[in-house]
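# Understanding the architecture of this molecule
Below are the chains, spelled out letter by letter.
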Amino acid sequence: MVQTVRLAPKLNKNNRKNLFKQLFLLFSIILIQILSFFKTDSFLFVFAFLSLLPVLFLVKNSKPVRAAIFGLIAGAISLSINASWLGSYHPIGIVIGMLLGAFWFGFAFLLSSIIFKTGSKYAAMASAFVWVLCEWGRSYGFVAFPYEALAYSQSERKLAYSIAAFGGTNLLGLLIALSGASLFYALNFYFKKPVNKIRGTLFRAAFALLLIAMAIFYGKMPRGNSDGSILLVNPGDEQRPGYFRVALLQPCIKKQKTVEAYNNAFDKLSALSIEAVKYKPKLVVWHETAIVPPIEWHFRYRPNREVYELTARIKSFLDEYPIPILTGNAYVPPEDDRRQKEYNSAILYKNGKPEQHYSKIKLVPFSEYLPSFLNFDFISRPIIAHLG
C-alpha cells in the first residue's frame, strides 16, 4: 500500500481568501506609492495621505516574516519606478535604488507587524513613527537615498514648505504618515461598529481630512509664466537700505542629457538673466547644475568640440553680463587634466571669471558620485562621455 505524504499544508478557503486580500493590499501599496510621486503638481499629491493606509491593514493581518517579504517586494518595485531616472546615469543606480527600497520597506513592514502583534490600540500610530524613522534611516549615512520619502510628494504645495520650515521634512513626513493612521482607525471603527458609526468614523478621520483640506486650501507653489518669463511682484526701483536684491532664476528644464539640451537650457537661462537686469539685482542666481558640463575644464582642455562650443558661448555671455552670477556647475580642479575629481558646486562669476566656489559636501551616491569600490574607468568614463 502506497501512502501519500503531504509536505506542505493545503490552503483552505479562508487561507486563500486571506492571501488574496494580502496580495490586493500589496498591489494597492505599490500603486499608491507610484501615484503619490507621479505628478506632484497635480491632484495626485493627495494619494500620499493614503499611502500608509493599505500598509497598516496588510501588516496587521500578516505574520512578521510575511509582512517583511511584502515590504521587500513593495519597496523594490516602487523605488525602481519612482527613481527610474537614475538609469540615465548608470543602470546600476536603479538596482541600488531597488535594494535600498526593498531593505527599508521590508524593515518597516517587519517592525510594524511586530507592533501590531502586541495588540496595542496605538499600533497604527506607532507604525507611522516607524515609517518616518525608516525614511530618516534611508536618507542618512553613506548610501543616503531620500527619494520617495513622504515629504517629497508635497513638493508643489505651499503648506508643505510652511511645515518643513518649522520642523523639517521629517515632521512633514510624520504628519502625512499619521494621516494614514487616522484613516486606518476611522475605517476600523466603521466596519466594526454596528450602529451610530458615522460620527465616530468622521471623528477618527478628522486629522487626515483636515490636513488634506489645508494642503488643498493653501494651494500650490507659484511657478514661472508659460512663456518662460520671470514671475514676481515688481520690487520697484528703490532698494531698501540694508537689503541685498537677488534675482533667483529657475527655468522649466525637464531634461539635460545632450549638448543640444544643454544649449536649449542655456538659451532660457540667458534670456531670463537679460530680463532680470531691469530689476537691478546685485546678484543673479542660477539653479543647481544649471550648467552640467564643467565650464572651466572644458574651456581649457577641449576634449569635445560640441561641449567646448557650448562653454565658449557661456563664457562669452558671462564676460559681457554686468551683474555677478552664482551658478550651479560641476567643478574640476584646474590642474586635473584627466578629470579624476569632480564636485557638484556653486561657482560665483564676476566679469566672466570664477571668483569663488563652494562644493557640496553630502553627495548622492550613484547620481552625484560613484563609491570608491565602483569608481572604475569602465563605469565612470561612459557616464562622463554621455553627460559631458
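Reading the values: the criteria
- Per chain, the residues get numbers from 1 upward, laid out in the order the sequence is written.
- Given that the model is predicted, a residue must reach a pLDDT of at least 70 before its local features are reported, and side-chain atom pairs must reach 80 or more before they are shown or counted; all residues, however, enter totals for whole chains, interfaces and linings.
- Water and hydrogen atoms play no part in the side-chain values, which are based on all heavy atoms of the structure.
- Only DSSP runs of H or I covering at least 4 residues are called helices, and only runs of E covering at least 2 are called strands; the numbering of each starts at the N terminus.
- The span you would expect from a helix comes to 1.5 Å times its residue count less one.
- Summary of the burial criterion: residues with accessible area below 20% of their type's maximum are buried, those above 50% are exposed, and those between are partly exposed, where the area comes from a 1.4 Å probe applied to protein chains only.
- The criterion for strand pairing is that DSSP finds at least two bridges linking the strands in question.
- As a rule, the C-alpha atoms of each element are fitted with a line to give its axis, helices using only the stretch in contact, and angles between N-to-C directions run from 0 to 180 degrees.
- Every residue pair with non-hydrogen atoms within 4.5 Å of one another is taken to be in contact.
- In what follows, roughly perpendicular refers to angles from 65 to 115 degrees, roughly parallel to angles under 35, roughly antiparallel to angles over 145, and oblique to any angle outside these ranges.
- Whether a crossing is left-handed or right-handed is set by the direction in which the near helix is turned from the far one by less than a right angle, anticlockwise for left-handed and clockwise for right-handed.
- Here the nonpolar group is Ala, Val, Leu, Ile, Met, Phe, Trp, Tyr, Cys and Pro; Asp, Glu, Lys and Arg are the charged ones; every other residue, Gly included, is treated as polar.
- Any Lys or Arg side-chain nitrogen located within 4 Å of an Asp or Glu carboxyl oxygen qualifies as a salt bridge.
- In these notes, a set of buried Ala, Val, Leu, Ile, Met, Phe, Trp, Tyr and Cys residues joined through side-chain atoms within 4.5 Å is what counts as a nonpolar core.
- Residues forming no salt bridge and having over 30% relative accessible area are the ones grouped into patches, like charges within 9 Å of each other and nonpolar side chains (Val, Leu, Ile, Met, Phe, Trp, Tyr) within 5 Å.
- Method for areas: the Shrake-Rupley scheme with a 1.4 Å probe, in which residue coverage is limited to the protein chains shown.

## Focus on helix α4 (residues 91–117)
Taking 1.5 Å of rise per residue, 27 residues should cover 39 Å, and α4 covers 39 Å from first to last C-alpha, within 8% of that figure. Directly after α4, the chain includes Gly-119, whose backbone phi takes a positive value near 80°.

## What about unusual backbone geometry?
Positive phi outside glycine occurs at Glu-148, with the angle close to 75°. With respect to the element layout, Glu-148 can be found in the loop between α5 (123–138) and α6 (158–192). Although it is not a glycine, Thr-289 sits at a positive phi angle of roughly 55°. Relative to the elements of secondary structure, Thr-289 occurs in the loop between β2 (283–286) and α9 (295–301). The partly exposed category is assigned to Thr-289, whose relative accessible area is 32%.

## Examining the sheet that holds strand β5 (residues 353–359)
Strand order in the open sheet made by the five strands is β1-β2-β3-β4-β5, with mixed pairing throughout. The sheet is open, and its two edges are formed by β1 (246–249) and β5, each paired on a single side. Within this sheet the neighbouring strands show an average axis-to-axis angle of 30°, counted without direction. Sheet strands in contact with helix α8 (residues 259–276) are β1 and β2, and its direction is about 155° off that of β1.

## Describing the packing of α5 against α6
Closest axis-to-axis distance for the α5/α6 pair is 9 Å, and the angle between their directions is 150°. When the interaxial angle is binned, α5 and α6 end up roughly antiparallel. Crossing angle aside, the handedness with which α5 passes α6 is right-handed. In this structure, α5 uses Ala-123, Ala-124, Met-125, Ala-128, Phe-129, Val-132 and Trp-136 to contact α6, whose residues at the interface are Asn-170, Gly-173, Leu-174, Ala-177, Leu-178, Ala-181, Phe-184 and Tyr-185. Each residue belonging to the contact of α5 with α6 can be placed in one class, and the counts come to 13 nonpolar, two polar and no charged.

## Overview of the environment of Ile-32
Mapped onto the fold, Ile-32 is located in helix α1 (residues 13–38). For Ile-32, a relative accessible area of 12% corresponds to the buried category. Considering only alpha carbons, one finds Ile-32 and Pro-54, 22 residues apart in sequence, at a separation of 9.0 Å. Those residues in contact with Ile-32 that lie beyond four places of it in its chain are Phe-47, Leu-50, Ser-51 and Pro-54.

## Description of the pattern of salt bridges
Any two side chains of opposite charge can pair if their charged atoms end up close together. Tallying each qualifying case throughout the model produces five salt bridges. Across the salt bridge formed by Asp-267 and Arg-313, the nearest N and O atoms sit 2.8 Å from each other. Placement of Asp-267 in helix α8 and of Arg-313 in helix α10 (residues 305–320) is noted, with a sequence separation of 46 residues between them. Glu-309 serves as the salt-bridge partner of Arg-305, at 3.1 Å between the closest nitrogen and oxygen. Residue Arg-305 and its partner Glu-309 are both found in helix α10; the two are separated by four residues, about one turn of the helix. The exposure class assigned to Glu-309 is partly exposed, which follows from its relative accessible area of 40%.

## What to know about the environment of Phe-38
With respect to the helices and strands, Phe-38 occurs in helix α1. When the C-alpha atoms of Phe-38 and Ile-81 are compared, they prove to be 9.5 Å apart, with 43 residues separating the residues in sequence.

## Digging into the nonpolar core
By size, the foremost hydrophobic cluster in this structure holds 57 residues, and its most contacted members are Phe-109 and Trp-131. Only α1, α2 (52–60), α3 (64–82), α4, α5, α6 and α7 (197–218) provide two or more residues apiece to this core. The residues touching Phe-109, leaving out its near neighbours within four places in the chain, are Ile-29, Val-55, Leu-58, Val-59, Ala-67, Ala-68, Phe-70, Gly-71, Ala-74 and Trp-131. Grouped together as the second largest cluster of nonpolar side chains are 23 residues, Leu-249, Val-292, Leu-318 and Ile-347 included.

## A closer look at the side chain of Thr-327
Among the secondary structure elements, Thr-327 is positioned in strand β3 (residues 325–331). A relative accessible area of 1% means that Thr-327 is categorised as buried.

## Observations concerning a nonpolar patch on the surface
A cluster of nonpolar residues, Val-65, Ile-69, Leu-72, Ile-73, Ile-77 and Ile-81, forms a patch on the protein surface that exposes about 490 Å² of accessible area. Structurally, Ile-73 is set in helix α3. By relative accessible area, Ile-73 is classed as partly exposed at 35%.

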